[in-house]
Protein chains: 2
Amino acid sequence: MSANARDTILAAAARLIAREGARRLTLDAVAAEARLSKGGLLYHFASKDDLIRGLVETLVAQFDAEVETNSVPGTPGAWTRAYLDATVKAPVPGTDAHATREASGHGPALGSTGIAAAVANNPSLLEPVREAYRRWQRNLESDGIDPVTATIVRLACDGLWYTDLIGLDPLPGPLNHAVISRLRAAATCAHRTETATTLPADENQPR
Amino acid sequence: MSANARDTILAAAARLIAREGARRLTLDAVAAEARLSKGGLLYHFASKDDLIRGLVETLVAQFDAEVETNSVPGTPGAWTRAYLDATVKAPVPGTDAHATREASGHGPALGSTGIAAAVANNPSLLEPVREAYRRWQRNLESDGIDPVTATIVRLACDGLWYTDLIGLDPLPGPLNHAVISRLRAAATCAHRTETATTLPADENQPR
DNA sequence: GTGACTGTACCAACCAGACGGTACACCACT
DNA sequence: AGTGGTGTACCGTCTGGTTGGTACAGTCAC
């Protein structure tokens, strides 16, 4: 068992949701997946809602931390680009990024699972997400670049999350790469002083 | 009771999900909302999955119809712009567009409710959505404009759906309008012949 | 036209299983 | 002996789905 039983349980819950859907997130199933009895599980999370709250809050906290890590303040659009990078790097269960995080001891890799669980069980548990988005939107709009461009980058990132959440086919690799490059370029050059800005595309710009 | 009992039931289910969340989508609750007994409900939809399948398929069909209506083929990017318009016009339960559709006899207004129900209950019911997205992505990539731009428009649209699905604050009206105008402009001017395209912004372009 | 029969629409009552949650015993370690 | 952590057993409720009907409109042979 890992140093932190809570993380073990959250990771088990995330795996379960990723594999079998939010419907199958039952206390019994989570306990089994985490190799724990239901009693043991309920010692760490007082209720099912509490467990989902843990998933959601961990997700938000991890995303915030990722943005923080990627952000190099100073240049306009830095926060927006960090937001983009954090989205792209988000560890979707079943991918390399997932396994990497899982193995590196930086907490469980959750992907969209917490969102799915909250939507399925109790939408009011999404309140931390709503609150985080208010904060993120504020940061995007005051990032030194055109707020419309920053918001489009955000929406496109949300689109990537949406794709993960409902299990759509991921974009083909080259297209995905080109899209990210384009968004990144847009968040670099969209000066807020202009009313009408252009979003230059530079598909092969290295990171 | 409306001419079509199935539509009545689907609308009731959508209202229920919008009001109380996908968790509350029980056969008893849907029956009560539709003023019907559970037996009567199960006469029209053989199972709960069948009901959710109805929600999902109706959603996809309505969206397709909306795109079809908005699309004026001929100019490059026409399909992409129609996709954008269909997203923006999608009747979210509880809004004007919702009530309008509901009253106009064009079938129930579903918003994201079918997606939420499928995510919550049985992700495999999302297969029609996945299939639709494959089709939509093909259309976007062969719309006579730069595929990267078209895909970004799609992702931003998905972001708007995501916002609806998890109940985030909608964008402030002016920003929302500016974002849509910008996306629309991008889907108008991004010629596919160029490797690197620009996305001119024209925030006050009338529709 | 009338009685036998059929198909559609709906309903009330019930059931078996799943699920969240509780109670409490147990055990290792300090 | 006490505390953190875990396991077992159980309970009440919820819920999807089944069963066995009712009501009634249509239709078709006679």
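Keep in mind that this is a model prediction, so the values were computed, not measured.

Caption draft 1: Main features of the overall build of chain A. The secondary structure content of chain A amounts to ten helices and zero strands. When the helices and strands of chain A are read in sequence order from the N terminus, they spell out α-α-α-α-α-α-α-α-α-α. For chain A, long-range pairs separated by at least 24 residues make up 60% of all intrachain contacts whose partners lie at least 6 apart in sequence. With the model as given, the accessible surface of chain A reaches about 8,900 Å², and the carbon-plus-sulfur share is 53%.

Caption draft 2: Up close: the protein's contact with DNA strand C. Lining the immediate surroundings of DNA strand C are 13 residues, of which A:Lys38, A:Lys48, B:Ser37, B:Tyr43 and B:His44 lie closest. At the protein interface, 63% of the atoms of DNA strand C within 4 Å belong to sugar or phosphate. The separation between a base oxygen of DNA strand C and a polar side-chain atom of A:Lys38 is 2.6 Å. Within the residue set of the surface near DNA strand C, elements represented by two or more residues are helix 3 (38–44) of chain A together with helix 3 (38–44) of chain B. When residues in the surface near DNA strand C are grouped by element, the largest group, four residues, is from helix 3 of chain B. When its residues are assigned to classes, the surface near DNA strand C shows five nonpolar, six polar and two charged.

Caption draft 3: The interface of chain A and chain B, seen in detail. Counting residues at the interface gives 50 residues for chain A and 50 residues for chain B. With both chains or domains summed, chain A and chain B bury close to 4,200 Å², and 66% of this area falls on carbon and sulfur atoms. Counting across the chain A and chain B interface gives four salt bridges. The residue A:Asp146 makes a salt bridge to B:Arg182 at a minimum N-O spacing of 2.8 Å. Where chain A packs against chain B, one counts 13 residue pairs in polar contact (both at pLDDT 80 or more). Those elements that place two or more of their residues in the side of chain A that touches chain B are helix 7 (113–121), helix 8 (127–141), helix 9 (147–165) and helix 10 (173–189) of chain A. For the side of chain A that touches chain B, the class distribution of residues is 29 nonpolar, eleven polar and ten charged.

Caption draft 4: Highlighting the pattern of salt bridges. Residue and element names in this part refer to chain A. One pass over the structure, following the stated rule, counts 28 salt bridges over all chains. Glu33 is the salt-bridge partner of Arg19, the closest N and O atoms lying 2.9 Å from each other. Taken as a pair, Arg19 in helix 1 (residues 5–20) and Glu33 in helix 2 (residues 27–33) lie far apart in primary sequence, 14 residues in all. On the accessibility criterion, Glu33 (19% relative accessible area) is buried. Between Glu66 and Lys89 there is a salt bridge, with its nearest N and O atoms 3.5 Å apart. With Glu66 in helix 4 (residues 48–70) and Lys89 in helix 5 (residues 78–89), this residue pair connects regions lying 23 residues apart in the sequence. Accessibility expressed as a relative area gives 35% for Lys89, which makes it partly exposed. Connected through salt bridges with shared partners, the residues Arg15, Arg19, Glu20 and Glu33 form a single ionic network.

Caption draft 5: Geometry of the protein's contact with DNA strand D. In the vicinity of DNA strand D lie 13 residues, with A:Ser37, A:Tyr43, A:His44, B:Lys38 and B:Lys48 positioned nearest. Within 4 Å of the protein, the contacting atoms of DNA strand D are 57% sugar and phosphate, with bases supplying the remainder. A:Ser37 is positioned with one of its backbone polar atoms (N or O) 2.6 Å from a phosphate oxygen of DNA strand D. One of the side-chain nitrogen or oxygen atoms of A:Tyr43 is found 2.8 Å away from a phosphate oxygen of DNA strand D. For the surface near DNA strand D, the elements supplying multiple residues, two or more each, are helix 3 of chain A together with helix 3 of chain B. A total of four residues in the surface near DNA strand D trace back to one element, the largest contributor, which is helix 3 of chain A. Split by residue class, the surface near DNA strand D holds five nonpolar, six polar and two charged.

Caption draft 6: Quick look at the nonpolar core. Grouped together as the largest cluster of nonpolar side chains are 124 residues, with contacts concentrated most on A:Ile115, A:Val129, A:Ile166, B:Ile115, B:Val129 and B:Ile166. Beyond its immediate sequence surroundings of up to four residues, A:Ile115 is in contact with A:Leu59, A:Leu126, A:Val129, A:Leu165, B:Tyr162 and B:Ile166.

Caption draft 7: Fine view of a positive patch on the surface. Taken together, the side chains of A:Arg23, A:Arg24, B:Arg23 and B:Arg24 define a basic patch exposed on the protein surface. Looking at the secondary structure, you find A:Arg23 in the loop between helix 1 and helix 2. A:Arg23 sits in the partly exposed class, given a relative accessible area of 48%.

So, how was this worked out
Residues numbered from 1 in each chain as written. Chains lettered and ligands numbered in written order. Predicted model: local features only at pLDDT ≥ 70, side-chain atom pairs only at ≥ 80, totals over all residues. Heavy atoms only, no water. Helix = DSSP H or I, 4+ residues; strand = E, 2+ residues; numbered from the N terminus. Contact = heavy atoms within 4.5 Å. Areas by Shrake-Rupley, 256 points an atom, 1.4 Å probe, with all protein chains shown as cover. Near = heavy atom within 4 Å. Polar contact = N/O pair within 3.5 Å; in protein donor to acceptor, adjacent residues only side chain to side chain. Nonpolar A, V, L, I, M, F, W, Y, C, P; charged D, E, K, R; others polar. Buried area = accessible area lost by both parts, 1.4 Å probe. Salt bridge = Lys/Arg side-chain N within 4 Å of Asp/Glu carboxyl O. Buried < 20%, exposed > 50% of the residue type's maximum accessible area, 1.4 Å probe, protein only. Core = buried A, V, L, I, M, F, W, Y, C linked by side-chain atoms within 4.5 Å. Patch = residues over 30% accessible without salt bridge, like charges linked within 9 Å, V, L, I, M, F, W, Y side chains within 5 Å. Lys, Arg positive; Asp, Glu negative; His and termini not counted. Charge placed at Lys NZ, Arg CZ, Asp CG, Glu CD.

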